[in-house]
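Examining the three-dimensional arrangement
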Amino acid sequence: MADSFHVRGGTALSGSIKIGGAKNAALKLMVASLLAPGKHHIGNVPNIVDVDTMARVLEHVGATCDRDGSMLTIDVPDDPLPEAPLDLVRQMRASILVLGALLARAGEARVALPGGDDFGSRPIDFHIKGLESMGATFELHHGVLHGSAPDGLTGTDVFLEFPSVGATENLLLAAVLADGVTTIGNAAREPELVDLAQYLTTMGAKIDGAGTSTIEIHGVGALEPASHSTVPDRLEAGTYLAAGAMTRGHVTVTDCKPEHLRMELRKLASIGCEVETTESTITLVGPDRPAAVDVATLPYPGFHTDMHPQMVTMLSVADGTSILTENIYAGRFRYLGELNRMGADVHADGQHVVIRGVDRLSGCEVDACDIRAGAALVIAAMRADGDTLIRDAQHIDRGYDRWVENLQSLGADIERV
Ligand code: EPU
């Protein structure tokens, strides 16, 4: 039987949490290591299920992965098997990034079409179109995408329809070993992508403009193994701050980068949180009752879609009505029904969530639908009257290292059952 989290609400969280490395950076750094044979050392890697899944993808390809605390050593073979199997890709959409890396490294790649969180349809057409314009060809056989570039990839100008994080990363991974210059226009600007570009640069890649909308990559003949420390997880930091805000708590997150959460911190301040930052810490004091605000999710540096469920949860007990507009995913609303079961009054109307603040939430049994929605339901439970059982803990385990231990250390009444 899958694990659940049992939470008894009513405690104001208080204390300090050390933030680990970002899931959405570490997974990409692991894939990037495939671009050079030899031993790579990636530090500050969170101990979460998605990292284990990616390690299994790399092991299938022929690499070995050894973890010592938060340090991951990856030994990459000379001739990687250019294949990512369905059982792993289905568990984690980020596996699709091996497409660019394996095409660059081996001239071919066989990758099952991805699964991942249920946010409605999540196509990979931008990845494919971009790689095709670099000379790759693709065929789909029985759910497995066969990519081929026997003569190598060639640099070109790619202009993305939307600043997709994954498509930008896949093209970056493909371009560093391509022949000539690749320009990615309308590129994603996420800090995790900048971290990937920094790692690739340490490996010997020539990349300009990572973190801006135009990235220029000069292909090189070969890359070397390297060492790198993963950028802090802004979503882990944001989630603990949301927990502090929701419980009228006083929470500090350390070892993080406040500048990566500018819009989220602004919104926390506008619902009435007191927020103070230093270079690497954020301290928050939650309001007695949040104020209502409107929020729109947008690509970085806009408000992160992966903070959407936590924000709606905080606003569910606000004094007034708020509207959150989801601009990244067509369907990220399945958790709303779970929140309503706890007494919230939230509903989706097209891409908008209308949130009518209620006085109180009450505990019951709910299902974690995905990583962030699951975390948001735990946060709701910590303010709710009575007991809440959040089922399907495995979703939360995909993204949060030491989740129960950290919340317990802040005083939360939570246990895994
Ligand atoms: N899209 C397309 N075609 C494509 C690629 C994307 O239509 O070829 C659409 C998607 O369907 C979506 C939007 O573009 O509507 C944005 O998708 P994007 O490619 O930017 O997202 P991703 O790379 O698949 C990463 C994170 C997600 C995070 C998004 C947005 C990883 C492993 N995942 O996904 O993180 O929500 O960027 O910032 O980096 C999470 O950590 O909980 C999570 C879901």
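Shown above is the structure to which this text applies.
Summary of the structure given here. (Residues numbered from 1 in each chain as written. Predicted model: local features only at pLDDT ≥ 70, side-chain atom pairs only at ≥ 80, totals over all residues. Heavy atoms only, no water.)

Observations concerning the side chain of Asp195
Mapping Asp195 onto the fold places it in helix 7 (residues 191–202). Nearest to the buried, unbridged Asp195 among oppositely charged side chains is Lys257, at 8.2 Å. (Helix = DSSP H or I, 4+ residues; strand = E, 2+ residues; numbered from the N terminus. Buried < 20%, exposed > 50% of the residue type's maximum accessible area, 1.4 Å probe, protein only. Lys, Arg positive; Asp, Glu negative; His and termini not counted. Salt bridge = Lys/Arg side-chain N within 4 Å of Asp/Glu carboxyl O.)

Concerning the site of the ligand
Neighbouring residues of the ligand: 25 residues in total, closest Lys28, Asp125, Ser164, Ile328 and Tyr329. For the ligand, the accessible surface in isolation is 830 Å², of which the surrounding protein chains cover 90%. A majority-of-atoms criterion places the ligand in the largest pocket. Broken down by secondary-structure element, the contributors of at least two residues to the shell around the ligand are helix 1 (23–32), helix 5 (125–133), helix 6 (165–175) and helix 12 (371–383). Residues that form the shell around the ligand fall into these classes: 10 nonpolar, 7 polar and 8 charged. The two domains that each donate at least three residues to the shell around the ligand are domain 1 (5–19 + 232–416) and domain 2 (23–229). (Near = heavy atom within 4 Å. Areas by Shrake-Rupley, 256 points an atom, 1.4 Å probe, with all protein chains shown as cover. 1 Å grid on protein atoms, 1.4 Å probe; cavity = no way out; pocket = protein on both sides within 12 Å on 5 of 7 lines; lining within 4 Å. Sits in = over half its atoms within 2 Å of the grid points. Nonpolar A, V, L, I, M, F, W, Y, C, P; charged D, E, K, R; others polar. Domains from an automatic or database assignment.)

Here's the deal with the layout of surface pockets
Taken as a whole, the largest pocket encloses approximately 980 Å³ of empty space. Lining the largest pocket are 46 residues, with Arg93, Arg122, Val165, Gly166 and Tyr329 sitting closest to its centre. Broken down by secondary-structure element, the contributors of at least two residues to the lining of the largest pocket are helix 1, helix 5, helix 6, helix 8 (234–246) and helix 12. Residues of the lining of the largest pocket, tallied by class, amount to 21 nonpolar, 8 polar and 17 charged. Three or more residues apiece are contributed to the lining of the largest pocket by two domains, here domain 1 (5–19 + 232–416) and domain 2 (23–229). Taken as a whole, the second largest pocket encloses approximately 280 Å³ of empty space. Surrounding the second largest pocket, 19 residues form its lining, Lys18, Ile19, Gly20, Asp401 and Arg402 being those nearest its centre. Of the residues belonging to the lining of the second largest pocket, the class tally is 4 nonpolar, 8 polar and 7 charged. Among the domains, domain 1 (5–19 + 232–416) and domain 2 (23–229) are the pair contributing at least three residues each to the lining of the second largest pocket. (Points joined across faces, edges and corners; volume = space filled by probe spheres on them.)

Side note on the sheet that holds strand 6 (residues 83–84)
The 4 strands lie next to each other as 6-7-9-8, forming an open sheet whose pairing is mixed. Two strands close off the open sheet at either side, each with one partner strand: strand 6 and strand 8 (137–141). The sheet contact formed by strand 7 (residues 108–112) and strand 9 (residues 144–148) spans 5 bridges and is antiparallel. Counterpart to Ala112 in the pairing with strand 9 is Val144. (Pairing = 2+ DSSP bridges.)

As for the packing of aromatic side chains
With the rule as written, the count across this model stands at 2 aromatic pairs. On the basis of an interplanar angle of 45° and a centroid distance of 5.7 Å, the ring pair of Tyr240 and Trp403 is categorised as tilted. Of the two residues, Tyr240 sits in helix 8 while Trp403 sits in helix 14 (residues 403–409), which places them 163 residues apart along the sequence. A relative accessible area of 0% means that Tyr240 is categorised as buried. Of the aromatic side chains, those joined through ring pairs into one cluster are Tyr240, Tyr400 and Trp403. (Phe/Tyr/Trp six-rings, centres within 6.5 Å; stacked < 30°, edge-to-face > 60°.)

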